[in-house]
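# A closer look at the structure
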Amino acid sequence: MDAPIDLLEVLRSGLPGRPEPRRHIVIVGAGIAGLTAGLLLKEAGHRVTILEAQNRLGGRIFTYRGFAGQMYGEFGAMRFPRQHRLGQYLIHDRFGLKTTPFGMEDPDTFIHLQGRSIRRSEFTAASFELGLPAGERGRLPAEILRSAMQPLIDLVEQPGGWLRLVDEYDTFSLIGWLNHRRVSEQALWLLGPLLNLEGRFHFSLVEWFTHWYDDVFGDLEFIDAGSDSLPKAFGAALLDDIRLGAEVQGIVQDDRTVGVTFKDAVGTRQVVTGDECIVTVPFVLLRHMEIAGLDPEKWFAIRNVYYGRAHKIFMQFSRRWWQEDEAIQHGVTVTDLAIRNVVYTPAGQDPSSRKGVIIASYAWEQDSMAYSMLSEDQRIAQALEDLIKIHPQAATTFEFGISYDWALDRYAGGIGPLFRPMEMTSRYFDDVVRPVNRVWFANDACDRRGRRWIEGALNAAVRNAWAIHSGMRNALPEIVEEG
Ligand SMILES: Cc1cc2nc3c(=O)[nH]c(=O)nc-3n(C[C@H](O)[C@H](O)[C@H](O)COP(=O)(O)OP(=O)(O)OC[C@H]3O[C@@H](n4cnc5c(N)ncnc54)[C@H](O)[C@@H]3O)c2cc1C
């Protein structure tokens, strides 16, 4: 077997050797995966055509610029973990984008449960009376969680530990494991909102654990000029190869070519013919696309990738009362209210003005669905009502709000792919990532460790670009990132 490839090395040094023959690669979607695959393949000497349904680059990297002055809001990705090697390479080394730390912990933020707000700095194990059983009473929620996770910590710290973890624990949901470890239901009532677990309880234990153990939220940064500067930075090399407003509807393939049919902005159907096609759109959207030549196992895998819901509700205020009155600089207030999480985003503020923006509600799954059926005005009114319970100043300083519901985005189909139990191992995941003849699949669902992060999309893009360039067929190279 060939040695696993190092994806960062490939991204840094480019695809090895000149292509013989030079091929035409059609890429569906100009999100970060499509752009990265396109850049690598073009720089290696191939011809690329990127078909993008929307009138902008970036997909789920989406910066809203309708606030006053220099303020902006990240509807999509906003936090870039420093441990994400490929993302860091692109931001800093390749494109030289300026960044600032995105703090997630601020002792002045609040925990708001059962109608009471307590500063994190004042939180103790006795702050809320939940009737915890004797063995858990007096212990902080983070300690309860850590001791429940101890067997996984012990395993992952051994050589090859992560792959063994996947093998041994893939059958568990997070809540199933907490139950197995006899964490009481009273402790779950506390852990759920406090540590943001409620929306994840029924999903894969291993996926949640990996993020928690790697402390992926521990050292983050944001791009000063907005996250959309990252996809825009690809424009210099790729803009002329991207067809915007081109909604792909079907792909056919034979032994030598692929034909990709798209509808342009006025509904005219057109076809682009190439040698290979990389599909980067979220799998949930492929139900509306005809792709010829896929086997039933591939379709099963495509149908069963689960995409979660999420929304953000931004609000602009006449002054940044969270800083002026409450000494909150960044971080998150967690609540059991409908808004769930309030994010005092350091990204998108305008230092030349007293005005400011916050994310008054950032919520996932069922918590997000509770807002999906509301009108825009109702969403804002409901969220403001909740916010005022924690921050009364919001009532007199509110200027306007705007929400974004990713489940209703017809070109995203949700926030992104979430693993459920039993989906990381077995043939199922192999089928998710498996190319079928001339059709390749590279999006943030096609990477086990980085799934639902930009890093996952980058890993998948580089891996597929390498495979196409190397002349592989119906297979992908092993990667060191999984070890
Ligand atoms: C609310 C939210 C917060 C997030 N926060 C973070 C974060 O802080 N850090 C992080 O690393 N990641 C974050 N993510 C995840 C990150 O945004 C994604 O993992 C990443 O952007 C996915 O890139 P992609 O290229 O795989 O897919 P996408 O960005 O979805 O790109 C797919 C592209 O395909 C296009 N398309 C769809 N259908 C068609 C069609 N029929 N024809 C042609 N084109 C089509 C779309 O318009 C889109 O441009 C967040 C995502 C969301 C939604």
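Quick caveat, the model's predicted, so the values are computed rather than measured.

## What about helix H7 (residues 185-194)?
When H7 is considered as a whole, its buried residues turn out to be Ala187, Leu190, Leu191, Pro193 and Leu194. Close packing links the buried residues of H7 with strand S7 (110-113), helix H4 (141-156) and strand S18 (332-335).

## As for the sheet that holds strand S6 (residues 99-101)
Overall, antiparallel pairing links the 3 strands, which are arranged S5-S9-S6 in an open sheet. Looking at the sheet topology across the chains shown, the edges are occupied by strand S5 (80-81) and S6. Relative to strand S9 (residues 220-223), S6 runs antiparallel, the two being bridged by 3 bridges. Looking at the pairing, Pro101 lines up with Glu221 of S9.

## Points about the sheet that holds strand S23 (residues 439-441)
Within the open sheet, the 5 strands sit side by side as S10-S2-S1-S14-S23. Their pairing is parallel. One side of each edge strand has no neighbouring strand; the edge strands of this open sheet are strand S10 (242-243) and S23. In this sheet, strand S2 (residues 47-51) lies alongside strand S1 (residues 24-28) in parallel orientation, the contact comprising 5 bridges. By the bridge assignment, Val28 is partnered in S2 with Leu51. This element, helix H2 (residues 32-43), spans S1, S2 and strand S14 (276-279) of the sheet and lies at about 165° to S2.

## Quick look at the packing of H2 against helix H17 (residues 454-469)
Look at H2 against H17: their axes get within 8 Å of each other, and the N-to-C directions meet at 35°. With respect to the hand of their crossing, H2 and H17 are arranged in right-handed fashion. Contacts between H2 and H17 involve Ile32, Ala33, Thr36, Ala37, Leu40 and Leu41 from the first element and Ile454, Ala457, Leu458, Ala460, Ala461, Val462, Asn464, Ala465, Ile468 and His469 from the second. Looking at the contact of H2 with H17 residue by residue, the class counts come to 13 nonpolar, 3 polar and no charged.

## Regarding the pairing of strand S8 (residues 116-119)
Pairing between S7 and S8: 4 bridges, direction antiparallel. Bridge pairing in S8 places Phe110 opposite Arg119.

## Quick word on H17
If you check H17, its first and last C-alpha atoms are 22 Å apart, about what 16 residues at 1.5 Å a residue would give, namely 22 Å. With 16 of 16 residues buried, H17 lies mostly within the body of the structure. At the exit of H17 stands Gly471, carrying a positive phi of roughly 80°.

## A look at the environment of Arg410
In this fold, Arg410 is placed in the loop between strand S21 (398-405) and strand S22 (416-418). For the pair formed by Arg410 and Leu285, sequence separation is 125 residues and the distance between their alpha carbons is 7.8 Å.

## Concerning the packing of H4 against helix H5 (residues 161-169)
A pair of packed helices can be characterised by two numbers: the angle between their axes and the separation between those axes. Following both chains from N to C, one finds H4 and H5 inclined at 140°, their axes separated by 8 Å at the closest point. Our classification of the angle between H4 and H5 gives oblique. Contact residues: Leu152, Leu155 and Val156 in H4; Gly161, Trp162, Arg164, Leu165, Glu168 and Tyr169 in H5. Along the lines of polarity and charge, the residues of the contact of H4 with H5 split into 6 nonpolar, 1 polar and 2 charged.

The rules behind the values
- Residues numbered from 1 in each chain as written.
- Predicted model: local features only at pLDDT ≥ 70, side-chain atom pairs only at ≥ 80, totals over all residues.
- Buried ≥ 20, exposed ≤ 12 C-beta atoms within 10 Å, placed from the backbone.
- Helix = DSSP H or I, 4+ residues; strand = E, 2+ residues; numbered from the N terminus.
- Contact = placed C-beta atoms within 7 Å.
- Pairing = 2+ DSSP bridges.
- Axes fitted to C-alpha atoms, helices over the stretch in contact; angles between N-to-C directions.
- Left-handed = near helix turned anticlockwise from the far one by under 90°.
- Nonpolar A, V, L, I, M, F, W, Y, C, P; charged D, E, K, R; others polar.
- Expected span 1.5 Å × (residues − 1).
- Parallel < 35°, antiparallel > 145°, perpendicular 65-115°, else oblique.

Functional significance is not addressed by these values, which are geometric in nature.
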